[in-house]
Amino acid sequence: MEGAVRVQILSQMGIPEVPSQYIQPPDNRPKSETNSITGLSCKNVPAIDLSCEKESVLAAIRDACREWGAFHVINHGVDTKLMDDLRRVCLSFFNDLPMEEKLIYACRPDFAASEGYGSCMLVSSENKTVLDWRDYFDHHTLPVSRRNPSSWPHFPPEYRVLIADYSDEMKALAQRLLALMSESLGLKASCMEDDDVGGLQVLKDGEWLLVDPLPNAILVLVADQTEIITNGKYKTCVHRAVTNANKARLSVATFHDPAKMTRISPASDLVSQGSPPRYSSVVYGDYLSRWYSNGPEGKRNLDTLLLDTSK
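Residues numbered from 1 in each chain as written. Predicted model: local features only at pLDDT ≥ 70, side-chain atom pairs only at ≥ 80, totals over all residues. Heavy atoms only, no water.

Here is the rule: UniProt positions are given in the numbering used here, feature names are shortened, and annotations may be inferred rather than shown by experiment.
As annotated in an unreviewed UniProt entry, the chain carries the name Fe2OG dioxygenase domain-containing protein and is attributed to Hibiscus sabdariffa. UniProt lists a comment for the chain under the heading Sequence similarities (unreviewed entry), and it reads "Belongs to the iron/ascorbate-dependent oxidoreductase family."

**What about the pairing of strand 3 (residues 70-74)?**
Selection rule: Buried means the residue's accessible area, taken with a 1.4 Å probe over protein chains only, is under 20% of the maximum for its type, while exposed means over 50%, and partly exposed covers the values in between. Helix numbers and strand numbers start at the N terminus; a helix is a DSSP run of H or I with at least 4 residues, a strand a run of E with at least 2. Any two strands with at least two DSSP-identified bridges between them are counted as paired. Convention used here: a crossover is right-handed provided that the path from the first strand, over the helix, to the second strand proceeds clockwise when the strands point away from the viewer.
In terms of residue burial, strand 3 counts as a mostly covered element, since 4 of its 5 residues are buried. Strand direction decides the pairing type here: strand 2 (residues 47-49) and strand 3, joined by 3 bridges, are parallel. Directly across from Ala 47, in strand 3, lies its bridge partner His 72. Handedness of the crossover is the feature at issue here: the chain leaves strand 2, passes through helix 3 (residues 54-67), returns alongside strand 3, and the resulting connection is right-handed. In this sheet, strand 8 (residues 218-221) lies alongside strand 3 in antiparallel orientation, the contact comprising 4 bridges. Across the sheet, residue His 72 finds its bridge partner in strand 8, namely Leu 219.

**Points about the confidence of the model for the chain**
Applied cut-off: For every residue, the pLDDT score states the predictor's confidence, bounded by 0 at the bottom and 100 at the top. The contact criterion used throughout is that any non-hydrogen atoms of two residues lie within 4.5 Å.
Overall, the prediction assigns the chain a mean pLDDT of 86, with 88% of residues at 70 or greater. Note on residues 33-40: pLDDT under 50 across the span, and 9 contacts to partners over four residues away in sequence or across chains.

**Here's the deal with helix 3**
Heads up, the condition is: To estimate the expected span of a helix, subtract one from its residue number and multiply by 1.5 Å. This arc corresponds to the set of directions leading from the helix axis out to the C-beta atoms. Nitrogen and oxygen atoms within 3.5 Å of one another constitute a polar contact, given that in protein one can donate a hydrogen and the other can accept it, and given that sequence-neighbouring residues count only through two side-chain atoms.
In this model, helix 3 (14 residues) spans 20 Å end to end at C-alpha, consistent with the 20 Å of a helix rising 1.5 Å per residue. What helix 3 keeps buried is the set Val 57, Leu 58, Ile 61, Ala 64 and Cys 65. Relative to the axis of helix 3, the buried residues are bounded by an arc of 135° and lie together on one face. Capping the start of helix 3 is the job of one residue whose side-chain oxygen sits 3.2 Å from the backbone nitrogen of Glu 55: Glu 53. Where helix 3 terminates, the next one or two residues include Gly 69, which has phi positive at roughly 75°.

**Quick word on the pattern of salt bridges**
For clarity, the cut-off: Each salt bridge in this description consists of a side-chain nitrogen of Lys or Arg and a carboxyl oxygen of Asp or Glu lying within 4 Å of one another.
Tallying each qualifying case throughout the model produces 8 salt bridges. Here Arg 87 ties to Asp 84 by a salt bridge, and the two come within 2.6 Å at their closest N and O atoms. Residue Arg 87 and its partner Asp 84 are located together in helix 4 (residues 80-96), separated by 3 residues, close to a single helical turn. Residue class for Arg 87 comes out partly exposed when judged on its relative accessible area of 33%. One salt bridge connects Lys 204 with Asp 205, and the closest N-O pair in it is separated by 2.8 Å.

**Points about the packing of helix 3 against helix 6 (residues 159-184)**
This is how the line gets drawn: All axes here are fitted lines through C-alpha atoms, helices being fitted over the stretch that makes contact, and every angle between N-to-C directions spans 0 to 180 degrees. In this scheme, roughly parallel covers angles under 35 degrees and roughly antiparallel covers those over 145, while 65 to 115 is roughly perpendicular and the rest are oblique. Under the scheme applied here, ten amino acids are nonpolar (Ala, Val, Leu, Ile, Met, Phe, Trp, Tyr, Cys and Pro), four are charged (Asp, Glu, Lys and Arg), and all others, including Gly, are polar.
Here helix 3 crosses helix 6 at 85°, and the two axes come no closer than 9 Å. Taken together, helix 3 and helix 6 sit at an angle that is classed as roughly perpendicular. For the pair helix 3 and helix 6, the contacting residues are Lys 54, Val 57, Leu 58, Ile 61, Arg 62 and Cys 65 in the first and Leu 180, Met 181, Glu 183 and Ser 184 in the second. In the contact of helix 3 with helix 6, the residues fall into 6 nonpolar, 1 polar and 3 charged.

**Remarks on unusual backbone geometry**
Residues Leu 142 and Pro 143 are joined by a peptide bond in cis, for which omega reads 0°. With respect to the helices, strands and loops of the structure, Pro 143 is situated in the loop between strand 5 (136-138) and helix 6. A cis geometry characterises the amide bond from Phe 155 onward to Pro 156, with omega recorded as -10°. Looking at the secondary structure, you find Pro 156 in the loop between strand 5 and helix 6.

**Re the nonpolar core**
Short version of the rule: Buried Ala, Val, Leu, Ile, Met, Phe, Trp, Tyr and Cys residues form a nonpolar core when they are joined through side-chain atoms within 4.5 Å.
Of all hydrophobic cores here, the largest spans 55 residues; its most connected members are Leu 50, Phe 71, Phe 93 and Tyr 159. Elements represented by at least two residues in this core include exactly helix 3, strand 3, helix 4, helix 6, strand 8, helix 7 (224-229) and helix 8 (284-294). In this structure Phe 71 touches Val 45, Pro 46, Ile 48, Ala 64, Cys 65, Leu 177, Ile 218, Leu 219 and Val 220, once residues within four positions along its chain are discounted. Grouped together as the second largest cluster of nonpolar side chains are 7 residues, Trp 68, Ala 70, Leu 209 and Val 211 included.

**A word on the pairing of strand 6 (residues 200-204)**
Most of strand 6 is tucked away: 4 of the 5 residues are buried. One ladder, built from 3 bridges, connects strand 6 with strand 9 (residues 239-241); its direction is antiparallel. For Leu 200, the partnering residue across the bridge sits in strand 9 and is Ala 241. Taken together, strand 6 and the strand that follows it, strand 7 (residues 207-211), pair antiparallel across an intervening segment of 2 residues, in which Asp 205 is found at a positive phi of about 55°.

Have a look at this one:
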C-alpha cells in the first residue's frame, strides 16, 4: 500500500495552508500578472474536425503538431454518452466511496507506474521533486493480456465495464490519429504505430497558456516519442496542471505508449544528409524509468537525447 497521504484527506481536514512538499518554487509558479484563470486563458489551441475531407485534416494536423504539439479533435467517433458516463463514475469513486475502501486499491510505491489508487507517481520517497496536489487511479488496460478488471474499483458497479469500453475506444482513436500524423509527414500510415520504427496549461512560444476545454472534444498532446520519431518536425507539448483552490478538477488521461522494449529513433524516411538525426535512439522502457526516477522538473528528459547537428 502506498504510504503517501491522500490529497483528498488533506483537503477535507481544513488545513490552514498547503504542506511544503506540495509547494512549487517561485520560478515554477504562474507569474503574478497571470495568476487569475482569466489571465491565463487561451482559446486558440487548434480544434480539428475529423469528419472533414482527409487532405484538410492532414494539413490541420501538420500545422498543429508543428506549432503547438497539441490539438483538440471533434467528431472523433467516441460516443459522448460513454464519455459522460465515465466522468460520472470516476467522480463517484473519488467523492462517494469511503477512504478506507479506496485504499484497498492503493498502488505500490516501489514500482514505477504501479496500477492503482495513489498520490505520488515517483519511485523513490527520497526524491526531492515537489509533489502534485492530486490523487489518481492508474489503470493498465492494454494490451488486453495485461488487463485485470478485478484490480479496478468495484464502485460504482458499472465502473469496470466503462473503463474497458473507453480504453478500447481510445486505442482505436489513437491508432487513427497516429496514422493521420504519419501521413501528414508523407510517411506510410503505419509508420508511427509500428514498433520497428527506431486546468491544463501548455507552453507556447515561452508562455504558459490555459487550455479552454471544448465540450465533448478530446485534447491530444504530442509526446516525446513522437518528437523523436519525427526527428523534431513535430514537437512535444510541454504541459502542466494548475491547482484550483475552489473546485476539484477531473482528468481522464489516456497514454498510447509503445512496448517497453521498443527502441525509439528518428524514422529513416525523415533522416538525410541535409536533415541528420537530432536524437539518439533509446529503449522506451529505459526512458520511462528515467522519468519516474528523476521526475519532470527542470530540463526536459528529451533534451538528454539531443545530438549535436552543427558539425
